[in-house]
Amino acid sequence: MTWADGDAAATGSIENHPYKIGVCDWMILKRQKLGAFDRTKEIGADGVEVDMGSLGKRDTFESQLTDPVVRQQFLDKARELNLEICSIAMSGFYAQSFAERPTVPLMVQDTITTMKAMKVKTAFLPLGVTCDLVQHPDLRPQVVERLKAAGAKAHEAGLVIGIETALDAKGEVGLLEEIDSPAVNIYFNFANALQNDRDLYQELRTLGKDRICQIHASNTDGVWLENDPQIDMTKVKHTLDDMGWSGWLVVERSRDGSDVRNVVRNYGANVVYLKKVFQA
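First things first, this report covers the structure right here in the doc.

Here is what the cut-offs are and how they apply
- Residues numbered from 1 in each chain as written.
- Predicted model: local features only at pLDDT ≥ 70, side-chain atom pairs only at ≥ 80, totals over all residues.
- Heavy atoms only, no water.
- Helix = DSSP H or I, 4+ residues; strand = E, 2+ residues; numbered from the N terminus.
- Rg over C-alpha atoms; globule rule 2.2 N^0.38 Å.
- Buried < 20%, exposed > 50% of the residue type's maximum accessible area, 1.4 Å probe, protein only.
- Areas by Shrake-Rupley, 256 points an atom, 1.4 Å probe, with all protein chains shown as cover.
- Lys, Arg positive; Asp, Glu negative; His and termini not counted.
- Charge placed at Lys NZ, Arg CZ, Asp CG, Glu CD.
- Salt bridge = Lys/Arg side-chain N within 4 Å of Asp/Glu carboxyl O.
- Core = buried A, V, L, I, M, F, W, Y, C linked by side-chain atoms within 4.5 Å.
- Contact = heavy atoms within 4.5 Å.
- 1 Å grid on protein atoms, 1.4 Å probe; cavity = no way out; pocket = protein on both sides within 12 Å on 5 of 7 lines; lining within 4 Å.
- Points joined across faces, edges and corners; volume = space filled by probe spheres on them.
- Nonpolar A, V, L, I, M, F, W, Y, C, P; charged D, E, K, R; others polar.
- Axes fitted to C-alpha atoms, helices over the stretch in contact; angles between N-to-C directions.
- Parallel < 35°, antiparallel > 145°, perpendicular 65-115°, else oblique.
- Left-handed = near helix turned anticlockwise from the far one by under 90°.
- Polar contact = N/O pair within 3.5 Å; in protein donor to acceptor, adjacent residues only side chain to side chain.
- Pairing = 2+ DSSP bridges.

## Re the overall build of the protein
A tally of helices and strands in the protein yields 9 helices and 8 strands. Taking 2.2 N^0.38 as the reference for a compact globule, 280 residues should give roughly 19 Å; the C-alpha atoms of the protein span a radius of gyration of 18 Å, in line with that estimate. For the protein, the spread of C-alpha atoms along the three principal axes comes to 50 × 45 × 35 Å. When the 280 residues of the protein are sorted by exposure, 56% land in the buried category. Carbon together with sulfur atoms contributes 47% to the accessible area of the protein, which is approximately 12000 Å² in total. Side chains of the protein give 32 positive and 40 negative charges; the mean places of these two sets differ by 3 Å.

## Let's talk about the pattern of salt bridges
Tallied over the entire structure, the rule returns 14 salt bridges. Between Asp 51 and Arg 31 there is a salt bridge, and its shortest N-O distance comes to 2.6 Å. Separated by 20 residues along the polypeptide, Asp 51 in strand S2 (residues 47-51) and Arg 31 in the loop between strand S1 (19-24) and helix H1 (35-43) bring together distant segments of the chain. Judged by relative accessible area, Asp 51 falls into the buried class, the value being 0%. When the shortest N-O distance is used, the salt bridge between Asp 221 and Arg 255 registers 2.6 Å. One end of the pair, Asp 221, is in the loop between strand S7 (212-216) and helix H8 (233-243); the other, Arg 255, is in the loop between strand S8 (247-251) and helix H9 (263-278), and 34 residues separate them in sequence. The class for Asp 221 is partly exposed, based on a relative accessible area of 28%. Exposure remark for Arg 255: the relative accessible area of 12% places this residue in the buried category. The network of salt bridges with common partners includes Asp 38, Lys 77 and Glu 80.

## Some points on the nonpolar core
Among the nonpolar cores identified, the biggest contains 92 residues, and Ile 163, Phe 188, Phe 190, Ile 215, Met 233, Val 236 and Leu 240 are the most heavily contacted of them. Broken down by element, this core gets its largest block of residues, 7 residues, from H9. For Met 233, the residues in contact, after removing those within four places along its chain, are Phe 190, Leu 225, Tyr 273, Leu 274, Val 277 and Phe 278.

## Notes on empty space enclosed by the protein
Under the definition given, this model contains 1 cavity of 30 Å³ or more. Reported here for the largest cavity is a volume of approximately 70 Å³. Along its surface, the largest cavity is lined by 13 residues, and Leu 167, Glu 172, Phe 188, Asn 189 and Asn 192 are the ones closest to its centre. Elements supplying a minimum of two residues to the lining of the largest cavity: strand S6 (184-189) and helix H6 (190-194). Examining the composition of the lining of the largest cavity, we find that 4 residues originate from one element, S6, more than from any other. Classifying every residue of the lining of the largest cavity gives 5 nonpolar, 3 polar and 5 charged.

## Structural notes on the packing of helix H3 (residues 104-118) against helix H4 (residues 140-157)
Relative orientation of the contacting elements H3 and H4 amounts to 20 degrees, with a least axis distance of 10 Å. Comparing their axes, H4 and H3 come out roughly parallel. In the crossing of H3 with H4, the sense of the turn from one axis to the other is right-handed. Between H3 and H4, the residues in contact are Val 104, Pro 105, Val 108, Gln 109, Ile 112 and Lys 116 and Arg 146, Ala 150, Lys 153, Ala 154 and Ala 157, respectively.

## As for the environment of Arg 79
Mapped onto the fold, Arg 79 is located in helix H2 (residues 68-80). Note on Arg 79: relative accessible area 59%, which makes it exposed. At a separation of 3.1 Å, a polar atom in the side chain of Arg 79 contacts the side chain of Asp 76.

## With respect to the sheet that holds S6
The 8 strands lie next to each other as S1-S2-S3-S4-S5-S6-S7-S8, forming a closed barrel whose pairing is parallel. Going from strand to strand, the sheet's axes swing by 30 degrees on average, the running direction of each strand aside. Sheet topology note: the S2/strand S3 (residues 84-89) ladder contains 5 bridges and is parallel. In the strand pairing of S3, Gly 47 is matched with Glu 84.

Encoded structure:
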């Protein structure tokens, strides 16, 4: 199946559908750019995960969204195109240390302030390379302490922070119990299970519906989701159905390895396929 073959399936109203399909603005090469919405519409997704911007050595994110004029432009464009902002991402923490950066509380507060202003309930927080709790278990006390504080702020605001970790599902359950905050959940990533030879479907069941706030529904790059022998997407849907889970499936990668930068082709194909499985 090509993206064009499924174009009709990628349109239509899904306002009350239990599953919605999104893309990440930084992966469609429109990180915190207004053009992300037009590109998301072209791809055929239902919404977009908007990033807070780069970090570098700054005290906080380099975010245009602190400007109320820019924020309103984003909200107006989403409304115009009948798209949703499914989440706000702190992707800077893929490379930066959530445990060790001194101004993390400011970064978290800026993200929560942005979420409240844009009426977005979920934040994505990756505990990336420098905070990999498998490779760096010594950082766990600092990570837990900071997530307790972040969770308290999010809970007060009625929001949720979804963390992505390198732990298996059982380890993530233990981490959440240690954090002990209803506002800190798991942002599940298919690739984390698959690349570590874990049972994707059992990992979902071990976490359960109430611990998963959102899902990055893709594998590492190489082939489109429909051609990926590691994932039985129908089985994923049946698993989530049985769990009673509903929410956003956001495509992060799973690009054709021979044509990685062809954004519309890669994400268009993956979105059409996910819509065929989850929204048919």
